[in-house]
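Chain and residue survey
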Amino acid sequence: MATTHLEHKGRSIRIDLPEGMAPPADDRCEECRKKNVAVCTHHDHADHDHVDHAHPEPEPTTPMQQMPMPGQGPAMDPAHAGHGVPFKVMIDGRSFDAFVMLSGSFYSHELPFMMYSNPGDLARAIANKLDWMEPPDGGPEKPETPQRS
Amino acid sequence: MGVRRNQRRLSAADKTRFVAAVLEMKAKPAASYGYDKYVAMHVAAFVGGPNTNAAHLGPTFFPWHREFLRLFEVDLQAADTALGEDGSITLPYWDWTRDNSPDPTKKAGAIWKDSFMGPKGNPVASGPFKTGSWALAPPGGSLKRALGDSVLDGNTVPTLATRAEVDAATANHGFDTFPFSEDSDGGQSVSGPNSPTAKGVAGGALPAGQYFVVITYQNGNGESLPSAPRKVCLGGACTPANTGTAIEVTAPAARPSATGYSVYVTAVGGAAGTETFQAGPILIGTNHTVTALVVGRARPTVNTTSSFRNVLEGWFPVVSRPALHNRTHVWVGMTMSGGNSPDDPVFFLHHCNIDRLWARWQFRHPGQQYPQVVPMVGIPGNRPQGLNDVLTPFAIRPIDVLNHTTLGYTYDTDPPGVAINVSP
């Protein structure tokens, strides 16, 4: 297990990837980082004020060589068979199931109409969802003091 | 037969009637014509056991949602009848290439008026589905929409797909292709070395009967390019009479990157386990003679060169840039961005449009192109999605819903006087 800690909009993110996988990259531009945008998609932002910056066409990362194939990597929960290699994303203590697809993309049922090119983007996107999600138990959703790891 | 119409062509009375029927569904339990069971059904299509995610990321994306919408429409009509109408109501569709504004004061944003779907908001604060009037299915909550506003949802995208993107998607000749996932290829242009030919002698270890033969290119990147399936007849009882060289299939032109090809033979009907994989990969430029047909492990029996399904679903060309169907979910955002997306009634207008575009593609590319067998290997293909496999949780198979006009409805965009052709 390879653990990475991130922080996004005051939320504490922990990513537990299968052993041997590359840690999440943050290839967002400076402006996206300042704006706390989860994934840089300037190419699609007609109103983006730095649309003329040099933004190479995003290529899906393909860590196929690094990724354990089914049956060769960490033990898979049978209920998750068919979804790729599972891993965990923890945000402010809440755990979310995520998967490395065979394509090398990163996926979670939390946001099933998107895949991400690295686990950091996925984790930040889930964290963004917590901004508007109903608290799971009706209690406060976001700690007043950001947790640091 | 009901006609599903563009929501922009509905009268004010039509819209009021549709909203009333949806609210009536919401007030009823699942055993009746209740709304919330559809949310649970869609959530279950993402999480669960070995049939997990039967509704997405594979060829069943279209037939699963077609049946899902059909059942919803039947319940909608029951609700309509309960309200004193004649039950003839149909689902409208939302053409998001044209009605692409989040602003309800603009014509292209009229769908978001308070008299119909209501506006964006965290939560939605006006219209028939505002907080306090519309509760999400258990565990509950309020409807939330971003409509491209990244302040409301940091994961949204600012624009919807265009007409040109839809046209490019429906130009794909193939329905779906290996690996039947988010990685299935789109596009149509191929070029490369001369096409090989596979020849064979009838009979072998297979009984007399009809078989499909497919030649599929392979390369080191896992790409594949199958030929259209050629139906051949083996055995003395064949009509026309078998000549002893019944198998002769020429492959499509290969991509320059192709390193070899394989030959697949499948019994007509696609029964699992009747397919055999012939001596591959065979070097490009070499013709292959089929010397024995041995019952073997099921292999993909695709008959397409690209995946209309994957392009319209929205994973092509880059999975991290949501396109077409996926893009609409992400643009509406918030409630519509999760597995519980049917909690937002606009889900049904969106998917009605997706179903219409499948029908449009079928009119444009006649013939049965749904894969006979989808391999039970790979990710996320670990569930049966072939032509004759039952779709969870429905009691229907893809083959049962290929022709929408047999299901009791048409679209106002169906070409008049043209019968849909989904025959092999």
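So, here is what we can say about the structure in this document. Please read all numbers here as calculations on a predicted model, not as lab measurements.

**Considering the environment of Phe-96 of chain A**
All names here are of chain A. Tracing the chain through its elements places Phe-96 in strand β4 (residues 94-100). Linking Phe-96 and His-109, residues 13 residues apart in sequence, is a C-alpha distance of 8.8 Å. Setting aside residues no more than four positions away along its own chain, Phe-96 makes contact with Phe-87, Lys-88, Val-89, Ile-91, Glu-110, Ile-126 and Leu-130.

**Notes on the packing of helix α1 (residues 12-26) of chain B against helix α3 (residues 61-82) of chain B**
Residue and element names in this part refer to chain B. Running from amino to carboxyl end, α1 crosses α3 at an angle of 100°, the nearest separation of the two axes being 8 Å. Classified by the angle their axes make, α1 and α3 are roughly perpendicular. For the pair α1 and α3, contact is made by Arg-17, Phe-18, Ala-21, Val-22, Glu-24 and Met-25 and by Phe-72, Asp-75, Leu-76, Ala-79, Asp-80 and Ala-82, respectively. Partitioning the contact of α1 with α3 into residue classes produces 8 nonpolar, no polar and 4 charged.

**Description of the packing of helix α4 (residues 163-170) of chain B against helix α7 (residues 346-364) of chain B**
Residues and elements named next belong to chain B. Between α4 and α7, the least distance of the axes is 10 Å, while the angle of their chain directions is 50°. By the angle class used here, α4 and α7 are oblique. Crossing handedness for the pair α4 and α7: right-handed. Where α4 approaches α7, its residues Arg-163, Val-166, Asp-167 and Thr-170 are matched on the opposing element by Leu-357, Arg-360, Trp-361 and Arg-364. Residue classes in the contact of α4 with α7 are distributed as 3 nonpolar, 1 polar and 4 charged.

**Brief notes about the sheet that holds strand β1 (residues 2-8) of chain A**
Residue and element names in this part refer to chain A. Across the sheet, which stays open at both edges, the 5 strands sit in the order β1-β2-β3-β4-β5 with antiparallel pairing between neighbours. Of all the strands in the sheet, just β1 and β5 (106-107) have a single pairing partner and so form its edges. Here 7 bridges tie strand β3 (residues 85-91) to β4, and the two strands are oriented antiparallel to one another. For Val-89, the partnering residue across the bridge sits in β4 and is Phe-96. Relative to the sheet, helix α2 (residues 119-130) contacts β1, β2 (11-17), β3, β4 and β5, its axis offset from that of β2 by approximately 140°.

Scoring rules and cut-offs
Residues numbered from 1 in each chain as written. Chains lettered and ligands numbered in written order. Predicted model: local features only at pLDDT ≥ 70, side-chain atom pairs only at ≥ 80, totals over all residues. Heavy atoms only, no water. Helix = DSSP H or I, 4+ residues; strand = E, 2+ residues; numbered from the N terminus. Contact = heavy atoms within 4.5 Å. Axes fitted to C-alpha atoms, helices over the stretch in contact; angles between N-to-C directions. Parallel < 35°, antiparallel > 145°, perpendicular 65-115°, else oblique. Nonpolar A, V, L, I, M, F, W, Y, C, P; charged D, E, K, R; others polar. Left-handed = near helix turned anticlockwise from the far one by under 90°. Pairing = 2+ DSSP bridges.

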